[in-house]
Amino acid sequence: MNKIKVEVNNISKSFVNSDDGKPLPVIEDVSFDVFEGEFLCIVGSSGCGKTTILRIIAGLQQADTGEVLLDGKKVESPSSKKGMVFQEFALFPWRTVEKNVEFGLEYKGLPPEERKELSKKFISMVGLSGYENSYPHQLSGGMKQRVAIARALVNDPDVLLMDEPFGALDAQTRNILQDELLRIWTETKKTIIFITHNVDEAVYLGDRVLVLTKRPAKIKKEFKIALSRKRNRTNTEFVMLRKDILEELMEEINIQSPPST
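Worth saying up front: this structure is predicted, and the values here are computed from it rather than measured.

Lay out the overall build of the chain in plain terms, naming residues and giving numbers.
Assigned secondary structure in the chain consists of seven helices and ten strands. What you see for the chain is a C-alpha radius of gyration of 19 Å, in line with the 18 Å of a compact globule of 261 residues. Along the longest, intermediate and shortest principal axes, the C-alpha atoms of the chain span 60 × 45 × 40 Å. Expressed as a percentage of the 261 residues in the chain, the buried residues total 48%. Taking the contacts inside the chain whose residues are at least 6 apart along the sequence as the reference set, 68% of them involve residues at least 24 apart. Carbon and sulfur atoms make up 50% of the accessible area of the chain, which totals about 12900 Å². The averaged location of the 38 negative side-chain charges in the chain is 2 Å from the averaged location of its 37 positive side-chain charges.

Written out as structure tokens, the structure reads:
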């Protein structure tokens, strides 16, 4: 078994309810480990607290209680050790593909020649060679997300955190990028924590899938995905895993929204 890369230990988080000013619990006593080189998927119903968990791991928010450890050291702030890819691309519209990818390297103070060499490598890795001088408005949604992935990877993070990165894409583009992400993961051997509400996507990508309860989120169940890659979505075992995870999620949705009488 690989060593533990990320430890999430009993984290809880509440926000202030804007309606009455009272605390609104979002996640409650969440604990799990992520192994080095693992592809971990986390699924849950909309608004259950998935993104909050990821932001705490990234150091973008602090837990009220509990802690997150990366290589045994407490995470207290964002750093280049944790690369983040969001659903909404978050590219700078005034910068070219190359300059978007180079942004973190500029911040680190790398010289221009080194930045250019590294950005070229990762632009090629995500399949965008020839688009270095294009601007975001000239790219499709799938291409923008490739740029976002390259920008995260170019900083050589220990962990890649992905918050529903393909959620805004059409089904065909989504499937293509899933395969591209698996190829990149195989090449780079990065540890990936991937948030999604799409069960099919989680079973297709993940080594393990964690299912969250409704808000406040807790870990409801863990599924180990022992299917070989490349995975066949019509395979009986794939279909049964997807069905089992969906049933766990549907229980939570029905708890939140009981049928009317």
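Requested: an account of the sheet that holds strand β4 (residues 65-70), with residues and values cited.
Judged by pairing direction, the sheet is antiparallel, and its four strands sit side by side in the order β2-β1-β4-β5 without closing on themselves. Because the sheet does not close on itself, it has two edges, and the strands there are β2 (23-35) and β5 (73-74). As paired strands, strand β1 (residues 4-16) and β2 are joined by nine bridges and run antiparallel to one another. By the bridge assignment, Ile 11 is partnered in β2 with Val 30. Its contacts with the sheet place helix α1 (residues 50-58) against β1, β2 and β4, and it is angled at close to 60 degrees to β2.

About the criteria used
Per chain, the residues get numbers from 1 upward, laid out in the order the sequence is written. Per-residue local features of the predicted model are confined to residues with pLDDT of at least 70, and side-chain atom pairs are confined, for both listing and counting, to 80 or more; whole-chain, interface and lining totals are unaffected and use all residues. Neither water nor hydrogens contribute to the side-chain values; these are computed over all heavy atoms in the structure. Helix and strand definitions here come from DSSP, where helices need a minimum of 4 consecutive H or I residues and strands a minimum of 2 consecutive E residues; each element is numbered from the N-terminal end. Throughout, the radius of gyration refers to the C-alpha atoms, and the reference size of a globule is 2.2 Å times the residue count to the power 0.38. Buried means the residue's accessible area, taken with a 1.4 Å probe over protein chains only, is under 20% of the maximum for its type, while exposed means over 50%, and partly exposed covers the values in between. Any pair of residues with heavy atoms lying within 4.5 Å of one another is described as a contacting pair. What sets the accessible areas is the Shrake-Rupley method with a 1.4 Å probe; for residues, cover comes only from the shown protein chains. For the purpose of counting charges, residues Lys and Arg are taken to be positive, whereas Asp and Glu are taken to be negative. His and the chain ends are not included. Working definition for charges: the position is that of NZ of Lys, CZ of Arg, CG of Asp or CD of Glu. Two strands form a pair only when DSSP identifies at least two bridges running between them. Note on definitions: angles span 0 to 180 degrees between N-to-C directions of axes, and those axes are lines fitted to C-alpha atoms, for helices only across the stretch in contact.

Bear in mind that shape data such as this cannot, by itself, settle questions of function.
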